[in-house]
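# A look at the structure
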Amino acid sequence: HLGYLSRYSDRQTNYATELTSIVRELKSISMRWEVIIFLNHHLHSIKADETPHWSHLKDSSGVAQDSDLVLMVWRERVITKDGIIEYGNVGDISVQLHRSTGKTGTVKVICKNNLFYEPIGN
């Protein structure tokens, strides 16, 4: 989790700059050792009916700009007639940015028994 790698508690540095620096260093390590580093990062608050996008990454645009791939996973939100937001087992996995191929897209999935399945007929 990117937030745990920062020294945000000292409050002396610019947090966005620090996050970007951490991502760049991790990318350098990944390239040097030829390993994949999977980094978890949160989104800032978005509206219930809004589809998440890489630009919603919290605290720093550098997180997406310096990543080779931005993959987002979310559950669909449903607003009940009482105005309550509920989450079900249907979601999406979306490739938002892909530096090497440029291909992006979204796949609808169902989470069942802690595994993702593509719905039949999609």
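Here, the structure is the one placed above.
Below: a short report on this structure. (Residues numbered from 1 in each chain as written. Predicted model: local features only at pLDDT ≥ 70, side-chain atom pairs only at ≥ 80, totals over all residues. Heavy atoms only, no water.)

Okay, the side chain of threonine 20 next. Relative to the elements of secondary structure, threonine 20 occurs in helix 2 (residues 15-33). Once residues lying within four places of it in the same chain are set aside, the contact partners of threonine 20 are Ser60, Gly62, Val63 and Asp66. (Helix = DSSP H or I, 4+ residues; strand = E, 2+ residues; numbered from the N terminus. Contact = heavy atoms within 4.5 Å.)

Reading across from one edge, 1-2-3-4 is the order of the four strands in this open sheet, with antiparallel pairing throughout. In the strand order of this sheet, the two ends are held by strand 1 (69-79) and strand 4 (115-117), each with one partner. Taking the axes of each pair of neighbouring strands and ignoring which way they run, one obtains an average angle of 40° across the sheet. As defined by bridge partners, strand 2 (residues 85-98) adjoins strand 3 (residues 105-112) across six bridges and the pair is classed as antiparallel. Bridge pairing links valine 90 to isoleucine 110 in strand 3. (Pairing = 2+ DSSP bridges. Axes fitted to C-alpha atoms, helices over the stretch in contact; angles between N-to-C directions.)

Within a regular strand, the side chains alternate between the two sheet faces. Bridge count between strand 1 and strand 2: 10 bridges; the pairing is antiparallel. Looking at the pairing, valine 73 lines up with isoleucine 93 of strand 2. Linking two consecutive strands that pair antiparallel, namely strand 1 and strand 2, is a turn of five residues; a positive phi of about 85° is found at glycine 83 within it.

The next subject is the nonpolar core. Ranked by internal contacts, the top residues of the largest apolar core, which has 13 residues, are Leu2, Leu19, Val63, Ala64 and Val70. Those elements giving two or more residues to this core turn out to be helix 2, helix 3 (62-65) and strand 1. The element best represented in this core is helix 2, accounting for five residues. For leucine 2, the contacting residues outside a window of four places in its chain are Leu19, Ile22, Val23, Leu39, Asn40, His41 and Val63. (Core = buried A, V, L, I, M, F, W, Y, C linked by side-chain atoms within 4.5 Å. Buried < 20%, exposed > 50% of the residue type's maximum accessible area, 1.4 Å probe, protein only.)

Within the secondary structure, asparagine 14 sits in the loop between helix 1 (2-5) and helix 2. Exposure remark for asparagine 14: the relative accessible area of 47% places this residue in the partly exposed category. One polar contact links the side chain of asparagine 14 to the main-chain amide nitrogen of threonine 17, over a distance of 3.0 Å. (Polar contact = N/O pair within 3.5 Å; in protein donor to acceptor, adjacent residues only side chain to side chain.)

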